[in-house]
Amino acid sequence: MILIELQSKLIAAQKAKDELRLSVLRYLLAGIKNKEIELRPLKQELTDEVILAVLKKQIKKHGEAIEDFKRANRQDLIDNESAQLEVLNQLQNEFAPQQA
């Protein structure tokens, strides 16, 4: 399951002291936890498809934030969001083939 792999990646990022990857994984896992809480009253399960949907939603949010920062001419924030987006895209590329 993708959730277990993400949690192991979080631990690896902590051990490697990779702050960027660590913060992205924490934010992603928090989003997944929120989705799980949202699904509980509906008696639905947290599946890999739901986790991938949360991942895609976060990728979209970062892309929109980059566009907003470009309009505001904030290169420092663009660089930060771009780095986070790159980590999210790597995760998506890693997990998407499993769903095929």
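Just above sits the structure.
Residues numbered from 1 in each chain as written. Predicted model: local features only at pLDDT ≥ 70, side-chain atom pairs only at ≥ 80, totals over all residues. Heavy atoms only, no water.

Trainee: For the overall build of the protein, give the residues involved together with the corresponding values.
Mentor: Scanning the protein from terminus to terminus reveals four helices and zero strands. The helix and strand sequence of the protein, counted from the amino end, reads α-α-α-α. Dimensions of the protein, computed from the C-alpha atoms along their principal axes, are close to 45 × 30 × 25 Å. Taken over 100 residues, the protein has a buried fraction of 36%. Long-range contacts, defined here as pairs at least 24 residues apart, represent 59% of the contacts in the protein between residues at least 6 apart. For the protein, the exposed surface amounts to about 6500 Å²; the carbon and sulfur share of it is 52%. For the protein, the distance from the average site of its 16 positive side-chain charges to the average site of its 16 negative ones is 4 Å. (Helix = DSSP H or I, 4+ residues; strand = E, 2+ residues; numbered from the N terminus. Buried < 20%, exposed > 50% of the residue type's maximum accessible area, 1.4 Å probe, protein only. Contact = heavy atoms within 4.5 Å. Areas by Shrake-Rupley, 256 points an atom, 1.4 Å probe, with all protein chains shown as cover. Lys, Arg positive; Asp, Glu negative; His and termini not counted. Charge placed at Lys NZ, Arg CZ, Asp CG, Glu CD.)

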